[in-house]
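Listed below are the residues making up each chain.
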Amino acid sequence: MSTASYSRFQIVVSSWIRACRSVARRAVAPLALVLAPIGMLHAQQPAKPSIQPWMALGLTPDARAALVLGEMTLDEKIAMVHGAEWEHNIWVNGGAKPVPTEMVSGAAGYVPGVKRLGVPAIQMVDAALGVTRGGYAGRYSTVLPSAISGAAGWDARMSYEYGALVGRELKDAGFNMSLGGGVNLDREPRNGRNFEYKGEDPILAGTLVGAEIRGLQAQGVIGDIKHFAANDQETLRTSVNVVIDERSMRETELLAFEIGIRDARPSAVMCSYNKVNGPWACDSPHLLTDVLKKDFGFEGFVLSDWKATHSTAVAANAGLDMEMPDGGHFGAPLKAAVEGGTVPAARLDDMVRRILRAEFTAGLFDHAAAPRVTDVFAGLAFAQRAAEQGTVLLKNDGGLLPLQPAKLRSVVLIGGHADVGVLAGGGSALVDPPGGSAVPTPTPRSPVYDPSSPLLALWERMPGVDVRYVSGDDPAAAAVAARAADLAIVFGVQPSREDTDLTSLALPDGQDALIAAVAAANPHTVVVLETGGAATMPWVAKTPAILEIWYPGIRGAEALAQVLLGKVNPAGKLPITFPRSEADLPRPVLTSLTDKSPVVTYNEGLRIGYKWYEAEGKTPLFPFGHGLSYTHFTYSGLHVDPRGASVAFDVRNAGKVDGAEISQVYVSLPADAGEPPKRLVAWAKTQLAAGETKHVELPIDPLYLSIFDVAAKRWRTVGGKYVFRVGGSSADTPLNATATLAAK
């Protein structure tokens, strides 16, 4: 048997063993599959046929909600503004409290309905990256690429499809409300939840989350946007006071929410754990009423993050509409507050009306739930396509990629458990992988790997090439294997999760040393990064090719193989900045873990992400908007409308292969505006055949040329010269033109 044949034999046997283990792990699944649908059907029994006036379909959601509200008792109203009295993580703590019989199996939150009036229960589940808790419920849900991967696609249409798939699978599982929609900005690159969010720029993040929520709510479920606001780190998240000036908050943290709410009109907003300029976020009348409900015109309801409610009258009067997951503050204490007059009855009515309105808007009164087996194959196909579009080619010296199998005899994959899977982010957003983690998880906090094997994906696509794997546990042995191969692909993994931040942006567990050793042994080395955000790279100068695939989901390995082999030309662009070192960050050190009254002050203000680096004259490792292709593009012919209402330019594929370019438009405001050097205002993804030129025209939203005037409490345009810059990244804008705008 040849070396290559023996290698293939090893892979097949290894795959068979893993499959047997997976079957063994799932031996108890039939019982769960029998019991879960029974509970689900019971939970979703439609209300008795009603001829009540609010069932008239010609009425608006507001009118229908008002009619129901007029028939409700005080106790029924109180029951609607908090979660049921149960332990939401019952499947973890061994049945400490009974689960309500109507609750869908695997729910994260549950608000009972009012049967006599036909008000449906709200069944909530975390769904930032797909529908969670499938392992407990005995059901399948598609493991999608991380949200930051989606943001790297810079594609609102893809974001809409992402949300639509999640919405369909929510309904398939019996849920009617998502707890996804994360849009906190990557202001703190070590934030453990950055993989759930959409990068550092508020306009990009807000646009993409808006598209995602539109797709989700189009499926007839309640959409959520979170965490409101400034929840940009997990360290001390339940006690930290975030201090930021009003203008900076409105133009950064809150602008992303404003755009998402404007574009999608989500039915729910989740307030965050932290304090903002003193008050708890869920106790802040400025955030919840003045900004969210008045300035943004938000018509839905505000729910707390889990156990993030700190008061009764203060929170209710501030604008919080629903306490989750129970009624410690909004149960009996709220009833007493209403009866005692410290919370006006009209305020309680507004809370309930907003919740009812959300249910009517989503169609929950009109369409009985119909759980079904989800379309696994559609989910797999979309997950792979999304992962391909989110992959970013950071470096490709000498055209090492795409691979040419005809010129290769042997390839070695090193590290990152690339023989069995790809890394996933942890915490409440984790979508349980089918069959369990591909790598054993000795503790609940152990990193989880989705069962998508880069080794198998490449082996299947490279017949005649000896494709092997070594663990990388021994850098010296890995270097020997790399030296003996024609090509080495080394995987760098950076686990991250909710409730903890990274201690460093460096790859953990000696991986930097491993990568350096492999690169020194073989000049033909490709680094594949699986991270939740930015990572430092002390070995960057010695590695010719680097791919960032983030946490790529259930078909991540297949997507990676397609990109490596050039079947898919990478088009992703970074939605964040990769710093050279943590010393370059606005806060090189995280808030102290021992601080009893922790405060994090955003002294950088408006200068978040790429705006910070340019204002400070710091050159990042890889700039915001950066991403290479297997072809190259040129720009020409910039024209800017004299009023700044639009830009037009030509983009040409000057290479020999087809590809897509994400063209970016930045604007430098007049000096009197007091802004960072430039801001992103528009972008377009253009597919181009080799040698093809296309004319691109983009409208510019006037909001994106404005600043927030704190004294006037409004957005305004500063009069003067605006420089429009166009190119392939924040650091590469070859075209520029000026327009003089009047003050408004």
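Thresholds applied
Residues numbered from 1 in each chain as written. Predicted model: local features only at pLDDT ≥ 70, side-chain atom pairs only at ≥ 80, totals over all residues. Heavy atoms only, no water. Axes fitted to C-alpha atoms, helices over the stretch in contact; angles between N-to-C directions. Helix = DSSP H or I, 4+ residues; strand = E, 2+ residues; numbered from the N terminus. Left-handed = near helix turned anticlockwise from the far one by under 90°. Contact = heavy atoms within 4.5 Å. Parallel < 35°, antiparallel > 145°, perpendicular 65-115°, else oblique. Nonpolar A, V, L, I, M, F, W, Y, C, P; charged D, E, K, R; others polar. Buried < 20%, exposed > 50% of the residue type's maximum accessible area, 1.4 Å probe, protein only. Pairing = 2+ DSSP bridges. pLDDT = per-residue confidence, 0-100.

## Looking at the packing of helix α8 (residues 156-172) against helix α9 (residues 202-217)
So, point 1. Contact geometry for α8 and α9: axes closest at 6 Å, N-to-C directions at 35°. Crossing angle aside, the handedness with which α8 passes α9 is right-handed. Counted together, Ala156, Ser159, Tyr160, Tyr162, Gly163, Ala164, Val166, Gly167 and Leu170 of α8 and Leu208, Ala211, Glu212, Arg214, Gly215 and Leu216 of α9 form the full contact between these two elements.

## Observations regarding the packing of α8 against helix α16 (residues 376-390)
So, point 1. Where α8 contacts α16, the two axes come as close as 11 Å, and the packing angle between them is 150°. In terms of orientation, α8 lies roughly antiparallel with respect to α16. Like other packed secondary-structure pairs, α8 and α16 cross with a definite hand, here left-handed. Every residue of α16 that contacts α8 at Met158, Glu161, Tyr162, Leu165 and Glu169 is listed here: Ala378, Gly379, Phe382, Arg385, Ala386 and Gln389.
So, point 2. The class makeup of the residues in the contact of α8 with α16 is six nonpolar, two polar and three charged.

## A short note on the pairing of strand β6 (residues 268-271)
Regular strands have side chains that alternate between both faces of the sheet.
So, point 1. The alternating pattern of β6 places Ala268 and Met270 on one face and Val269 and Cys271 on the opposite face, and all of these are buried.
So, point 2. Strand direction decides the pairing type here: strand β4 (residues 224-228) and β6, joined by three bridges, are parallel. Paired with Asp224 across the two strands is Ala268, which belongs to β6.
So, point 3. Pairing between β6 and strand β8 (residues 301-304): four bridges, direction parallel. Bridge pairing links Cys271 to Ser304 in β8.

## Section: the sheet that holds β4
Think of a sheet as strands paired side by side through backbone hydrogen bonds, with each pair either parallel or antiparallel.
So, point 1. Spatially, β4-β6-β8 is the arrangement adopted by the three strands of the open sheet, whose pairing is parallel. Two strands in the sheet have a free side with no partner beyond their single neighbour: β4 and β8. On average, adjacent strands in this sheet sit at an angle of 25° to one another, irrespective of strand direction.
So, point 2. Docked against the sheet, helix α11 (residues 253-264) engages β4 and β6, running at close to 165° with respect to β4.

## Describing the sheet that holds strand β3 (residues 177-178)
So, point 1. Read across the sheet, three strands follow the order β1-β2-β3 without closing on themselves; strand pairing throughout is mixed. Where the open sheet ends on each side, the last strands, each with one partner, are β1 (109-111) and β3.

## Focus: the pairing of strand β18 (residues 633-640)
So, point 1. Judged from the six bridges that link them, β18 and strand β19 (residues 646-653) form a sheet pairing that is antiparallel. Within β19, the position partnered with Thr634 by the bridge is Arg652.
So, point 2. Turn length for the β18-β19 hairpin, with the two strands adjacent in sequence and antiparallel, is five residues, and the turn residue Gly644 shows positive phi of about 75°.

## Overview of the confidence of the model for the protein chain
So, point 1. Across the protein chain, the average pLDDT comes to 92, with 91% of residues at or above 70.
So, point 2. Across residues 1-50, confidence stays below pLDDT 50; counting only partners more than four residues off in sequence or on other chains, it has 54 contacts.
So, point 3. For residues 88-95, every residue scores under 50 in pLDDT, and the model assigns this stretch 15 contacts once sequence neighbours within four places are set aside.

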